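Chain residues, written in single-letter form:
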Amino acid sequence: MTTTTIENDHPHKEQNHVHFNPEDVARVEGKQHKDYPKTHLPEKPHVHFNPEDVARVEGKAHKDYPKTHKPQDEPHVHFKEEDVKRKENKQHVDYPKTHMPKGSGMGTFGAEDGGGSASSRPGRVKVSKEDFFLHLKILILFFGLFLFGTWYTSKDPWEELNKPKAKTLQQLLQEEMEKALELVDPELPVDGNLQVPPEGGLNASGCSLFLSRSSVGRSGFGIFTTVDFQETDVVFAKSPTTMVVEGLELPLHAMVLKQHRHFGNVKVAANGIVATRPIEAGDELFLDLGEFDSRFASIYHGTLHPLDPMQKDYQKADDIIKNVIDAIPTTTVYEQPKKKMYKQRASRSKNAKMIPAFDAGRMLGIIKESMEEYNPNLAYIIPDSTVKARSILEADGTANFISNHRSLDWITGHGICIGGLTDGAFAMRSVAVGDVIETSPLYAVSRENVPANGNCFELSKPEGVFFCPLSFIANVKKGSDCQSGPDECSSSTANAKFELSKYNVANKLLGDMSREELLKSPMTDFTIDLIAIRDIARDEEVYADISTLNKL
């Protein structure tokens, strides 16, 4: 390309003209300029393909065409006829060998192959029943050997896990604090004279009043109820038989009942012994000496129950316990709150407790032993441990620290019915032959003081001492003897007999006591039972064979 400059006198300025080579013009016209976009597809391809390649593209057999594509006419991948057949029959080399096609047998290895040839598809191997049980026996044998080895090499595989873990110092301190804060309940008597059958007591169904060891004093009986009483309810009806003691006429049941200033719940009234306040089932019945004249209080502590502590004994014991606890050093411990307090912090002052710094049991034991010689009743109620002393103070005194309330099972299992008769000696419940109708404590009197009635009896020894029942047994009449059948006997035929209670171990000592000992302490620990000699219905009058008293 050349540039030509033309100079003339034309008023306009000369312009330069570009001359293109013929080849460049031809390229532009043919859209083959070097600056023309190479991506433009010209009308005619400027790339020439080999005829073989064009044929492959048109036949969709180009080398870049996806090999997985299956042409419409014929595949570009050729399989062997054997492989195609195996695949169509689901016997391809990659087909799961465990698959069993429909309508086929067990394969070449099975007995049910139907005579297939060696080229047939493989099937599952069938295990015979004998081989299966053989393998099972081997497995059980190895498992048994494993268990035996485990047992033989270690006596107790859980021994290490069951061993108690060592307690931390904090746990030991906490246990000491809890032990120091511990309180106990009054102990129930376990060595009473009455030893009823342990398999559930006697047959006392329907009885509501029981004789058992009292919660007051060192010995003696008390009366417990198994039913509720409301105020003014009659507990014991008025008995026609009474006992004169030191010139004072007393009801029989009032002689048996214990007294208590705080727990008094019955009194002697014109119609018998009645409740002075509501009484719960399981409570012991108590008299309140404050409702009697001074003569009865003197007779109670001097003659009837000399082993029971007096009011002054309770006060003295409270003073001793308080002085001992106050005399020894104390320390402050804090009870752990029962529930975790997340939102507010527990007040330590509310959980603070002052306890003795050391056990005061030794000191209390020395005082208890010293009092045995001078006042046995006082020594009996003094505790012998710090825990009991603190429990007594928490109960507001030794007089309140008694087991005056017991469970019904305990009462029926450790007591004998004393409420089986009415005041006229009628049965208050149905009784079977051989059952105890009612029991009664015995009161010793001399021959000169035997009451006109009351079924008192004398034993062979000691001589000159008579024993009188202190319950409605004293009202039982003598029954006539009848040797004929029950249909020919009169209604007054004896249906009960007297018998020294075989459930009272104290009765074995009856013959060993002297006349002087019995008359000095006439309220004995001996008891007598009224036993049914035939079935007795409710409200039936009871007649006893009095001759049995002479055989006791």
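For the structure itself, consult the block above.
In this report, the structure presented in the accompanying data block is examined. On a predicted model such as this, the values are computed, not experimentally measured, just so you know.

Quick notes on the rules
- Residues numbered from 1 in each chain as written.
- Predicted model: local features only at pLDDT ≥ 70, side-chain atom pairs only at ≥ 80, totals over all residues.
- Heavy atoms only, no water.
- Helix = DSSP H or I, 4+ residues; strand = E, 2+ residues; numbered from the N terminus.
- Buried < 20%, exposed > 50% of the residue type's maximum accessible area, 1.4 Å probe, protein only.
- Areas by Shrake-Rupley, 256 points an atom, 1.4 Å probe, with all protein chains shown as cover.
- Pairing = 2+ DSSP bridges.
- Axes fitted to C-alpha atoms, helices over the stretch in contact; angles between N-to-C directions.
- Left-handed = near helix turned anticlockwise from the far one by under 90°.
- Contact = heavy atoms within 4.5 Å.
- Nonpolar A, V, L, I, M, F, W, Y, C, P; charged D, E, K, R; others polar.
- 1 Å grid on protein atoms, 1.4 Å probe; cavity = no way out; pocket = protein on both sides within 12 Å on 5 of 7 lines; lining within 4 Å.
- Points joined across faces, edges and corners; volume = space filled by probe spheres on them.
- Phe/Tyr/Trp six-rings, centres within 6.5 Å; stacked < 30°, edge-to-face > 60°.
- Core = buried A, V, L, I, M, F, W, Y, C linked by side-chain atoms within 4.5 Å.
- Disulfide = S-S within 2.5 Å.
- Salt bridge = Lys/Arg side-chain N within 4 Å of Asp/Glu carboxyl O.
- Polar contact = N/O pair within 3.5 Å; in protein donor to acceptor, adjacent residues only side chain to side chain.

**Here we look at the overall build of the protein chain**
From N to C terminus, the protein chain includes 14 helices and 19 strands. Within the protein chain, buried positions represent 35% of all 552 residues. Here the protein chain displays about 36600 Å² of accessible surface, and carbon together with sulfur accounts for 53% of that area.

**Overview of the pairing of strand β8 (residues 272-275)**
Here is the key point about a regular strand: its side chains alternate between the two faces of the sheet. Sheet topology note: the strand β3 (residues 234-237)/β8 ladder contains three bridges and is antiparallel. Note on β8: the bridge partner recorded for A237 is G272. Relative to β8, strand β7 (residues 266-269) runs antiparallel, the two being bridged by four bridges. When the sheet's bridge partners are listed, V266 is paired in β8 with A275. From the end of β7 to the start of β8, which pair antiparallel, there are two residues.

**Brief notes about the packing of helix α9 (residues 311-327) against helix α12 (residues 386-394)**
Viewed as axis vectors pointing N to C, α9 and α12 meet at an angle of 120°, and their least axial separation amounts to 10 Å. Classified by chirality, the crossing of α12 by α9 is left-handed. For the pair α9 and α12, contact is made by D318, I321 and I325 and by A389, I392 and L393, respectively. For the contact of α9 with α12, the class distribution of residues is five nonpolar, no polar and one charged.

**Describing the layout of surface pockets**
Considering only enclosed or pocket space, the largest pocket measures out at about 660 Å³ in volume. Together, 26 residues line the largest pocket, and E187, Y380, I381, K388 and F401 are the ones closest to its centre. Residue assignment for the lining of the largest pocket shows that the elements contributing at least two residues are α11 (376-381) and α12.

**Let's talk about the packing of aromatic side chains**
In the structure shown here, the tally under the stated rule is five aromatic pairs. When the ring of F296 is compared with that of Y300, the centres are 6.4 Å apart and the planes differ by 45°; the resulting orientation is tilted. Of the two residues, F296 and Y300 are both situated in helix α8 (residues 294-304); the distance of four residues between them amounts to about one turn of the helix. Residue F296 is classed as buried on the basis of its relative accessible area of 1%. With relative accessibility at 1%, the residue Y300 sits in the buried group. Within the aromatic cluster, the residues linked to one another by ring pairs are F292, F296 and Y300.

**As for the nonpolar core**
Of all hydrophobic cores here, the largest spans 70 residues; its most connected members are I223, M255, L285, I437, Y443, F467 and L530. Grouped together as the second largest cluster of nonpolar side chains are 20 residues, A317, V324, A389 and I392 included.

**Some remarks on the sheet that holds strand β16 (residues 477-478)**
The seven strands lie next to each other as β14-β15-β13-β18-β17-β19-β16, forming an open sheet whose pairing is mixed. Two strands in the sheet have a free side with no partner beyond their single neighbour: β14 (457-458) and β16. Both strand β17 (residues 496-500) and strand β19 (residues 543-545) contribute to a ladder of two bridges, which runs parallel. Bridging across to β19, A496 finds its partner in A544.

**A look at the state of the cysteines**
Enumeration according to the criterion identifies two disulfides in this entry. Paired through a disulfide, C207 and C417 show a sulfur-sulfur distance of 2.0 Å. The chirality of the disulfide connecting C207 with C417 is right-handed, given an S-S dihedral of about 90°. Linking C207 in the loop between α6 (169-180) and β1 (209-213) with C417 in strand β12 (residues 416-417), this pair joins segments that are 210 residues apart in sequence.

**Some points on the environment of S514**
Looking at the element boundaries, S514 is found in the loop between β17 and α14 (515-520). Along the sequence, S514 and E463 sit 51 residues apart, while their C-alpha atoms lie 8.8 Å from each other.

**Describing the pattern of salt bridges**
For the structure shown, the criterion picks out nine salt bridges. Close ionic contact of D308 with K258 constitutes a salt bridge, the shortest N to O distance being 3.6 Å. Residue D308 is located in the loop between α8 and α9, and its partner K258 is located in strand β6 (residues 258-259); the two are separated by 50 residues in the primary sequence. As far as burial versus exposure is concerned, D308 and K258 are alike and both buried. A salt bridge links E499 to K497; the shortest N-O distance between them is 3.9 Å. By relative accessible area, K497 is classed as partly exposed at 30%.

**Re the sheet that holds strand β2 (residues 221-225)**
With antiparallel pairing, the three strands of this open sheet are ordered in space as β2-β1-β12. Each end of this open sheet is capped by a strand with a single partner; those strands are β2 and β12. Taken together, the five bridges between β1 and β2 define a ladder with antiparallel strand orientation. Residue pairing across strands places F210 opposite F224, the latter belonging to β2.

**So, the side chain of T386**
Examined against the element boundaries, T386 turns out to sit in helix α12. The class for T386 is buried, based on a relative accessible area of 10%. At 2.6 Å, the side chain of T386 and the backbone nitrogen of A360 are in polar contact.

**Some words on the environment of V465**
With respect to the element layout, V465 can be found in strand β15 (residues 465-469). Expressed as a C-alpha distance, the spacing of V465 and V450, which sit 15 residues apart in the sequence, is 9.2 Å. Aside from chain neighbours lying at most four places away, what touches V465 is A444, V445, F457, E458, L459, R515 and L518.

**Observations concerning the side chain of N377**
Tracing the backbone through its elements, the reader meets N377 in helix α11. Here P306 takes part through its backbone oxygen, which lies 3.1 Å from a polar atom of the side chain of N377. Each residue touching N377, except ones within four places of it in the same chain, is listed here: R218, P306, L307, D308, P309 and D313.

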